[in-house]
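# Structural description and commentary
Single-letter residue listing:
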Amino acid sequence: MNRLALSSLILIALLAAAPLWGITLSGVEGPGLVNTRGGGDSPFLLQRTHQMAVNLRAGVFPVRWMPDAAYGLGYPFFSYYAALPYYLAAGLTLIGVDILTALKLTQTLGFIAAALAMYGWMSTLTKSRWAAWLATVAYTVAPFHLVNVYVRGDSLSEFCAFAFYPLILWAVQRIADEADRTTRMPVLGAALAYAGLLLTHNISAFIFSPFILLYLMALAWRAEPGRRRILGLGLLALGIGFLLSAWFWLPAVTELTYVQLGPSTQDYFHYSRHFRAANLVQNRFLFDYSVAAGHQVRSPFAMGLPQAIFAGLGGLWLLVRGSRRRLDVRWAFILVGLLLSTLMITPLSQPLWDHLPLLPIVQFPWRFLSIQALFTAAATAALIPPPSPS
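What comes next is a walk through the structure. Residues take numbers from 1 onward in each chain, read along the sequence in its written order. With pLDDT at 70 or above as the cut-off, local features in this predicted model cover only qualifying residues; side-chain atom pairs require 80 or more to be listed or tallied, and sums for whole chains, interfaces and linings still use all residues. Side-chain metrics in this entry use all non-hydrogen atoms of the structure; hydrogen atoms and water are not considered.

### Thoughts on the pattern of salt bridges
Whenever Lys or Arg places a side-chain nitrogen within 4 Å of a carboxyl oxygen from Asp or Glu, that contact is recorded as a salt bridge. According to the stated counting rule, one finds seven salt bridges in the structure shown. Residues R48 and D154 are paired through a salt bridge, measuring 3.6 Å at the closest nitrogen-oxygen approach. You can see R48 sitting in helix α2 (residues 43–57) and its partner D154 sitting in the loop between α7 (143–150) and α8 (156–177), a full 106 residues away along the chain. For the pair R48 and D154, one class covers both residues: buried. Notably, a salt bridge pairs D328 with R330, separated by 3.0 Å at the nearest N-O pair. Secondary structure follows DSSP: runs of H or I at least 4 residues long count as helices, runs of E at least 2 residues long count as strands, and numbering of each begins at the N terminus. Classification of residues uses two cut-offs on accessible area relative to the type maximum, computed with a 1.4 Å probe and protein chains only: under 20% is buried, over 50% is exposed, and between them is partly exposed.

Structure, rendered in structure tokens:
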């Protein structure tokens, strides 16, 4: 089953990426770039990858400057925007792959990596290949996962962050499972995974880090002996990951006084304009990815109806299980994570957005849909009965 499950999940990931290559239900549409938002955002991928490649060809690393941007005046885009996926895409161009194909390969690998990481984490948590398979399918086809590619267009880094969410939790789980043995590899794995998220999308790392700490505390609480060791090793791994990524974030932090951040959090970009209330869930079975209906009427920056239904059923079943017997703290973490990530999208969380420092730089409360997708998929897995103890 394991080989069959992995093969089928990779196939589903490839199907999710098929429109990138011009393959749709209506046939083969030919080569080119996916037309997102009327062609408005996708070309930024070309510009960023091209400028990254220009720097790498010149032997510049780390890349911080887009020399040809801003009408040739240059722009410090890579100083403040985590860009690990662009390093991959640009690296492919250095070995002869054209920019379009390099971008499509990077996005396709992003779909596959997210699926494999989710399957790994959920296999460890559920001990059921079928439950892990169901969660991975739900995660792969989560509307916001696809929206990042086919609607937003330019959010390559935020899309690739999907692979690191379950990867980090899987690595932290391994630290807890092997805390009483030699733990160098699990600690190193968790450190590299966390550094990868920090280098892939700094905003995603910012909003997901509290959930990592919450999971670490849950795992430490679950262990009768060795709680301090698990907590200490987990914090050590996160600290190492923080240091491994310092070549990106340290210059950005030290140079914040030289940039104007005001315009990025004002007017359209102010968080108060992007909460979801009655429009948190689309009221149709097939998700509408169109932006033509209006930002507040039927926005693609929302949950899908099947996604909400299955997550709700899974969450209710976990509550029922918890009322009958003590619920595993890891499932309790999933329930709390689902609740918190959903709350942060709604106007109920506005006091936090108003008062927590740095939170306004997230701009859009609906960015939490990416983290919510992780927890909705995990809650869906609860619908599969756990395996009987042998």
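Having seen it, we continue.
### Regarding helix α4 (residues 84–94)
P85, Y86, Y87, A89, A90, L92 and T93 are the residues of α4 that are buried. Just beyond α4, the residue with positive phi is G96, at close to 105 degrees.

### Concerning the environment of S157
Structurally, S157 can be placed in helix α8. Once the C-alpha coordinates of S157 and L383 are considered, the two residues, 226 residues apart in sequence, prove to be 31 Å apart. In this description, contact between two residues means that some pair of their heavy atoms is separated by no more than 4.5 Å. In contact with S157, not counting residues within four places along its chain, are Y81, A82, A83, P85, Y86, T200 and H201. By the criterion applied in these results, polar contacts are pairs of N or O atoms within 3.5 Å in which, for protein atoms, one can donate a hydrogen and the other can accept it, and in which residues neighboring in sequence qualify only through two side-chain atoms. A polar side-chain atom of S157 sits 3.1 Å from the main-chain carbonyl oxygen of A82.

### Notes on α8
Between the first and last C-alpha of α8 there are 33 Å, a value that for 22 residues agrees with the 32 Å anticipated at 1.5 Å per step. Each residue is assigned a bend, namely the angle between axes fitted to the seven residues that terminate at it and the seven residues that start at it. Of all the bends found along α8, the most pronounced is centred on F162 and spans about 30 degrees, while P166, a proline, follows it within four residues. For α8, the tally of buried residues reaches 18 of 22 residues, placing the bulk of the element in the interior. To estimate how far a helix should reach, multiply one less than its number of residues by 1.5 Å.

### Quick look at the packing of α4 against α8
Interhelical geometry of α4 versus α8 gives an angle of 105 degrees and a closest axis separation of 8 Å. Classed by the angle they form, the pair α4 and α8 counts as roughly perpendicular. Residues L84, P85 and Y86 of α4 lie in contact with α8, whose contacting residues are L156, S157, C160 and F164. Split by residue class, the contact of α4 with α8 holds six nonpolar, one polar and no charged. Working convention: axes come from line fits to C-alpha atoms, limited for helices to the stretch in contact. Angles between N-to-C directions cover 0 to 180 degrees. Each angle is binned into one of four classes, with values under 35 degrees roughly parallel, values over 145 roughly antiparallel, values of 65 to 115 roughly perpendicular, and all other values oblique. Following the grouping adopted for this structure description, the nonpolar residues are Ala, Val, Leu, Ile, Met, Phe, Trp, Tyr, Cys and Pro, the charged ones are Asp, Glu, Lys and Arg, and the polar ones are all others, Gly among them.

### Description of the packing of aromatic side chains
The criterion for an aromatic pair is that two Phe, Tyr or Trp rings (for Trp, the six-membered ring) have centres within 6.5 Å, with stacked assigned to planes under 30 degrees apart, edge-to-face to planes over 60 apart and tilted to the rest. Applying the stated criterion across every chain yields a total of 27 aromatic pairs. Among the aromatic side chains, those forming a connected cluster through ring pairs are W121, Y139, F162, Y165, F208, F211, Y215, F333 and F375. The ring of W331 has R321 sitting right over it, with the charged end atom 5.6 Å from the ring centre. The criterion is that NZ of a Lys, or CZ of an Arg, lies within 6 Å of the ring centre and within 35 degrees of the ring normal, and then a charge sits over that ring.

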